[in-house]
Structure formats: structure tokens, C-alpha cells
Amino acid sequence: MQQLPPISPYKLSMAPDADAPLINHEINVREILADGSNVWRTKAKTDTNGQVTFSLDGLGSGKRYVLQAKSSRANKTRQSAVIDTAGQ
């Protein structure tokens, strides 16, 4: 029987200013592939506290991801650093 990679949680808080969380803000998750390209995997919107939690397949077991969101101040997409371990 093939063992499936673990699905690990990743929690993100979106708040450009300490007093102003980004509510209902769409966050996209892209997996970084071995050749350096990336592919869209899922998306979610932040809650009333500006937080979102993803369950990412293989996180902590070799898979790598980046998070992308539209800037609330400019019409540009912003990207996180590479995520390769569970946590926040």
C-alpha cells in the first residue's frame, strides 16, 4: 500500500497595519515544482481577523509552496517567501 504524504496546516495572518486586518482577502496557494515552475493548488479568503488556514499536501515532506495575494494598496500581486514547513 502506498503511503500518502502528510497534509500539514499553515496559518497566515494578513494585517498591513497592526490595527487593520485584511478581511475577506483572497489568498492563492501555488506549489513550486522540481523544475522551478509553479502550479495553482487552492485559494481561500481571510476571516474577520485577517487569518486563513490551509491544509497543504506534503508540507514538511519535501513539497514547497508560495502564497499570492493582490496588494490592497496597489494593483499588483504580492508573493510570500517559500514555505516548506508547517506552522504560521
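Refer to the structure printed above.
Residues numbered from 1 in each chain as written. Predicted model: local features only at pLDDT ≥ 70, side-chain atom pairs only at ≥ 80, totals over all residues. Heavy atoms only, no water.

S.K.: Quick question: what am I supposed to make of the pairing of strand 2 (residues 26–32) here?
M.R.: Moving residue by residue along a regular strand, the side chains alternate between the two faces of the sheet. Summarising burial for strand 2: 5 of the 7 residues are buried, a large majority. Counted along the chain from strand 2 to the antiparallel partner strand 3 (residues 38–45), the turn is 5 residues long, and its residue glycine 36 has a positive phi close to 95 degrees. The sheet contact formed by strand 2 and strand 5 (residues 64–70) spans 5 bridges and is antiparallel. Residue pairing for strand 5: asparagine 28 is matched across the bridge by glutamine 68. (Buried < 20%, exposed > 50% of the residue type's maximum accessible area, 1.4 Å probe, protein only. Helix = DSSP H or I, 4+ residues; strand = E, 2+ residues; numbered from the N terminus. Pairing = 2+ DSSP bridges.)

S.K.: What am I meant to see in the sheet that holds strand 3 here?
M.R.: Think of a sheet as strands paired side by side through backbone hydrogen bonds, with each pair either parallel or antiparallel. One open sheet accounts for 4 strands, arranged 3-2-5-6; its pairing is antiparallel. Strand pairing shows two members of the sheet lacking a second neighbour, strand 3 and strand 6 (77–79), which therefore form its edges. Across this sheet, the average inter-strand angle for adjacent strands is 30 degrees, counted without regard to direction. Here strand 2 runs beside strand 3; their pairing, made up of 7 bridges, is antiparallel. (Axes fitted to C-alpha atoms, helices over the stretch in contact; angles between N-to-C directions.)

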